Amino acid sequence: MSVYDLATTDALLSTTRAVRKRLDLKKPVPDQVIRECLELTLQAPTGSNRQGWRWVVVTDADKRAALADLYRKGVGSYLKESGEQAKTEGRAQDGRVYDSAQYLADHLQEVPVHVIPCIVVDHLPENPPRRVWPGVMGSIMPAVWSFQLALRARGLGSALTTLHLAYEKEAAELLGIPDGIMQCGLLPVAYTIGTEFKPAKRPPLDDVLHWNQWS
Ligand SMILES: Cc1cc2nc3c(=O)[nH]c(=O)nc-3n(C[C@H](O)[C@H](O)[C@H](O)COP(=O)(O)O)c2cc1C
């Protein structure tokens, strides 16, 4: 017995892609849709039930342009060079991802909504040990994924990006984000051009699965 319709649930889980070239840059996104999707993120799990998620939604055109500039500074020549290398080495899927990522970098300012997921880190020591990071990232990324799934279910798309984080401080100044709040990415959000998306090609499960013992 399944609790929810599995065909729909599995389609949502397997076709929520990083959308870049198919973001509709012309269609306005109502604030209410963003609020609805963010409302759902509040149900995501957090370590110690700390609920340290914070969200910064940016619709102001000047601020989006400034964020796009920071993003492109973060990109530098990385995407173009990696794309060329992937194509030379015959890694076609990777080549397409880098091309698509470069397209997003070029057009980020035109994407109608930027959403920056943040997490409160003011309780952490300066250089926390490795064991702390799963708890920190694990308390924001499930919420980010909930947001992306909620968007997809409503005909919108997004991509989790992290390349502006090299200029996190500048973005914090731009948006008035205080110390003790860590930015975890930037999600460009828009309606998608068409709503049909396919599951991505992935390696077989057994290539990555270890059951009871690693080897
Ligand atoms: C931690 C993380 C960081 C990412 N950073 C970027 C980024 O800075 N720019 C970008 O265009 N995509 C970024 N992506 C999206 C990945 O490129 C994308 O998820 C991957 O290519 C697989 O594509 P799919 O999500 O459509 O299956 C990031 C994804 C993750 C999980």
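This section reports on the structure supplied with the text.

Criteria and thresholds
Residues numbered from 1 in each chain as written. Predicted model: local features only at pLDDT ≥ 70, side-chain atom pairs only at ≥ 80, totals over all residues. Heavy atoms only, no water. Buried < 20%, exposed > 50% of the residue type's maximum accessible area, 1.4 Å probe, protein only. Helix = DSSP H or I, 4+ residues; strand = E, 2+ residues; numbered from the N terminus. Pairing = 2+ DSSP bridges. Axes fitted to C-alpha atoms, helices over the stretch in contact; angles between N-to-C directions. Contact = heavy atoms within 4.5 Å. Nonpolar A, V, L, I, M, F, W, Y, C, P; charged D, E, K, R; others polar. Core = buried A, V, L, I, M, F, W, Y, C linked by side-chain atoms within 4.5 Å. Arc of directions from axis to C-beta.

A few words on the pairing of strand 2 (residues 113–120). Each regular strand shows side chains that alternate between the opposite faces of the sheet. The buried fraction of strand 2 amounts to 8 of the 8 residues, a majority that puts the element mostly inside the structure. The alternating pattern of strand 2 places Val113, Val115, Pro117 and Ile119 and His114, Ile116, Cys118 and Val120 on opposite faces, both of which are buried. The pairing of strand 1 (residues 53–58) with strand 2 spans 6 bridges and is antiparallel. Counted as the bridge partner of Arg54 is Cys118 from strand 2. Pairing analysis gives 3 bridges linking strand 2 to strand 4 (residues 181–183), with the strands arranged antiparallel.

Running from amino to carboxyl end, helix 3 (residues 61–75) crosses helix 5 (residues 92–107) at an angle of 145 degrees, the nearest separation of the two axes being 8 Å. Contacts between helix 3 and helix 5 pair Tyr71, Arg72 and Val75 from the former with Gln102, Leu104, Ala105 and Asp106 from the latter. Across the contact of helix 3 with helix 5, the residue classes tally to 4 nonpolar, 1 polar and 2 charged.

This brings us to the nonpolar core. Val56, Leu67, Leu108, Ile116, Leu175 and Ile177 are the most contacted members of the largest nonpolar core, which totals 28 residues. Contributions of two or more residues to this core are made by strand 1, helix 3, helix 4 (78–88), helix 5, strand 2 and helix 8 (168–175). Examining the composition of this core, we find that 5 residues originate from one element, helix 3, more than from any other. What Val56 contacts, discounting residues up to four positions off in sequence, is His114, Val115, Ile116, Cys118, Leu175 and Ile177. Of all hydrophobic cores here, the second largest spans 25 residues; its members include Trp55, Val115, Cys184 and Val189.

Along an α-helix, residues three or four positions apart point the same way, because every turn accommodates 3.6 residues. Along helix 8, the residues classified as buried are Ala171, Ala172 and Leu175. Relative to the axis of helix 8, the buried residues are bounded by an arc of 105 degrees and lie together on one face. More than 90 degrees from the buried face of helix 8, the exposed residues found are Lys169 and Glu173. Close packing links the buried residues of helix 8 with strand 1, helix 3, strand 2 and strand 4. Two residues or fewer past helix 8, Gly176 is found with a positive phi of approximately 70 degrees.

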